[in-house]
Structures are given as C-alpha cells and as structure tokens.
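Listed below are the residues making up each chain.
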Amino acid sequence: MDSKDFQLLAALYQDARQSYRSLGRRAALTAPAVRERLKRLQEQGILQGYGLRIDPSIFDRDQLVVSFQGEWTRKDLAKVLAAPDVAFAAWRLDGGLMAAVWSRESGQSIRKLADALGAKPSTGAFTGRRDDLHPLSVLDLQIIDTLIDDPKITLKNIIELTGLSPKTIRKRLEALFESSIISILPRLGPMTGSGEVVYYLAVIGEVEMKELHRLFGDAILVNKTQKPPMKYLLCHESDLGSLTAKIKALSKLPGVKSVTTTLIREVLFATEFMHSLVRKQILKLEQSRTERTRTIALGTYSI
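Residues numbered from 1 in each chain as written. Predicted model: local features only at pLDDT ≥ 70, side-chain atom pairs only at ≥ 80, totals over all residues. Heavy atoms only, no water.

**Student:** I tried to follow the pattern of salt bridges on my own but got confused; where do I start?
**Tutor:** Two side chains bearing opposite charge may form a pair once their charged atoms approach each other closely. The tally for this structure, following the rule as stated, stands at 16 salt bridges. For arginine 130, the salt bridge goes to aspartate 55, with nearest N and O atoms at 3.1 Å. With arginine 130 in the loop between strand E5 (123-127) and helix H6 (138-147) and aspartate 55 in the loop between strand E1 (47-54) and strand E2 (62-68), this pair connects stretches of sequence that are 75 residues apart. The class for arginine 130 is partly exposed, based on a relative accessible area of 30%. Where aspartate 140 meets arginine 172, a salt bridge forms, and the shortest distance between an N and an O atom there is 3.1 Å. Of this pair, aspartate 140 sits in helix H6 while arginine 172 sits in helix H8 (residues 166-178); the two residues are 32 residues apart in sequence, bridging distant segments of the chain. Ionic contacts of the salt-bridge type, sharing partners, join the residues Asp2, Asp5, Arg37 and Arg40 into one network. (Salt bridge = Lys/Arg side-chain N within 4 Å of Asp/Glu carboxyl O. Helix = DSSP H or I, 4+ residues; strand = E, 2+ residues; numbered from the N terminus. Buried < 20%, exposed > 50% of the residue type's maximum accessible area, 1.4 Å probe, protein only.)

In structure tokens, the structure reads:
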C-alpha cells in the first residue's frame, strides 16, 4: 500500500463506478496501471469488494451504529449480520464488532442484537432521518435494487433488469448519488506488508472538516452521526509515529471529545435485508398508485 493506492481508494469512495481512466486522473496513473493496482489490492485482501450504502431515511428509519468490545469471531460477525434490522457489520482487527442498525424502534432492535451476541454494546452513535429528501419513484427504487448485490453492475445489465433506457438510468443514478441517497463503499480489509498505514478515524465532538483536512490531508469522510456528533473518516499515514503525533494534536483541538482509530478486518452487507426494504417500498408505491387510479376511475364513472 502506497500513497497512490490510497488516492485510488479515495477516488473509489467518491465514485466507485467511474472508469479506470477517470480513476487514473485522480492518482496520475494510466488506466492499465489502475487496473493492475486494484487487482493487486484485491489479491492482498485489502480491497475485498464493494457495498451499497442506502440512506435509511427513504424507508422512514433511523441509523444507530453500535460497537461491541472483546475478542469476537467471524461466526459472531455472521450472528450480527443476521440480527433484525442490521444493514451492515464490521469485524475489527482488535476482535471487536460494529453494526449499523436501521430501525424505527432502535431500542428494540439493539436489544435483539444484544441477545444474539449475549453482550451489551459498549458505544453507540445515532443519526436521525433526513427531512430534505424528495420522495423516490418506483423507477428509482428499481435501480437501487439492481445495485445492492453488485454496486458496480454494468449499465447494460441494469437495462436488462429494469427495462429502462440508458438515458433514464444515467439521469436517475446521477441524482441518487448527488443527493447522497446512495453511495458505494469499498469493502476494505486489513493492510498487509510495509508502507502506508491506512485506518479509520472516529472523531467525537464539534470539529470542522477543514480542521481535519489540515491535520490529516486527503482524509475521506465515510459517515457522520448526530448523537453524539461524530465524523468517521478513512485516513493514511506514512508511519505509526506520524499517526501518533497527529492523533495527539487532534485530541487537543477545541470541541474534540474523543478520538479513536480502528483497523477493519472485514465488512459485510445484509443484502437480503436491503432488498426486502426496497421491494416493500416498491410494492407500497405501486399499491398507492393503483388505489389512486381506481379512485379517479370511480370518480369519473360517477360523474
């Protein structure tokens, strides 16, 4: 892993569906060089694939990210992913677990998750539903549904699955990404060998991104929560000494309450759960449209 590899990862977080040529412009690499680097990262287990993140607000749900400290196993990770309302889960290199829960009743969902593991979460961060989203159409949801299993599915395959025109798909995909309703997350595993130290950084407190960029350069904002106010970033350093110094400097900034670094071993997405939410929403919209059509027809007939 070197600085150009990290620049590629940063570009993937911005738009994982862009071409090799477009990715190469970000890292000053040719398209064949980008292909080879991404292939190497996959072979090393650093780039384990991609996952689709959907804003749970479109399902009228909140998000709660919880952590479980301890020495857990991959079997425990599977238990977390199978728990009700869990959208994705991560297994940390230190043995801990993390889970993102999408729920209308987060307390009940967390209790079920805790029961599945036989332990209570050590920390939690809440993000409420957005109120600035425009309602999605059936076509939007159909496109989202095709991306869940393979976020990098080709345009040709989306056309085959949805029957929509290329123009319609491109236009709606652009709007979905620009509004942050969906985003594609590279699934990163542990770093191997020498070179850059790539890690996740959780910063709790009121701190601006410009301050974080000043300290950590081209750090990538992966997620943020409201309660407590937290920013979750992907960062890289040339060595552990530099990392330690920057973490110390960040901890002293006004408004910063805590700083935690995390190395991820594996991330899994609950694709069946996501499909079920999307398809229930499609069914709900189609039934509503049928009811409106029936009401209009009855009104016309009565006249």
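**Student:** Would you mind going over the pairing of strand E7 (residues 197-205) with me for this structure?
**Tutor:** A regular strand carries its side chains on alternate faces of the sheet. Of all the 9 residues making up E7, 8 are buried; the element is thus mostly covered by neighbouring parts of the structure. Of the strand pairs in this sheet, E7 and strand E9 (residues 230-237) are connected by 8 bridges, and their pairing is antiparallel. Among the inter-strand pairings, tyrosine 199 is bridged to a residue of E9, identified as cysteine 235. Relative to strand E10 (residues 256-262), E7 runs antiparallel, the two being bridged by 6 bridges. (Pairing = 2+ DSSP bridges.)

**Student:** Explanation requested: the packing of helix H9 (residues 209-216) against helix H10 (residues 240-251) in the structure shown.
**Tutor:** The geometry of a pair of packed helices is captured by two quantities: the angle between their axes and the separation between those axes. It is the contact of H9 with H10, at a shortest axis distance of 10 Å, that shows an interaxial angle of 155 degrees. Comparing their axes, H10 and H9 come out roughly antiparallel. The interaxial crossing formed by H9 with H10 has right-handed handedness. Counting all contacts with H9, which are made through Leu212, Leu215 and Phe216, the residues of H10 involved are Lys246, Ile247, Ala249 and Leu250. (Axes fitted to C-alpha atoms, helices over the stretch in contact; angles between N-to-C directions. Parallel < 35°, antiparallel > 145°, perpendicular 65-115°, else oblique. Left-handed = near helix turned anticlockwise from the far one by under 90°. Contact = heavy atoms within 4.5 Å.)

Scope: geometric values only; no functional claims are made or implied.
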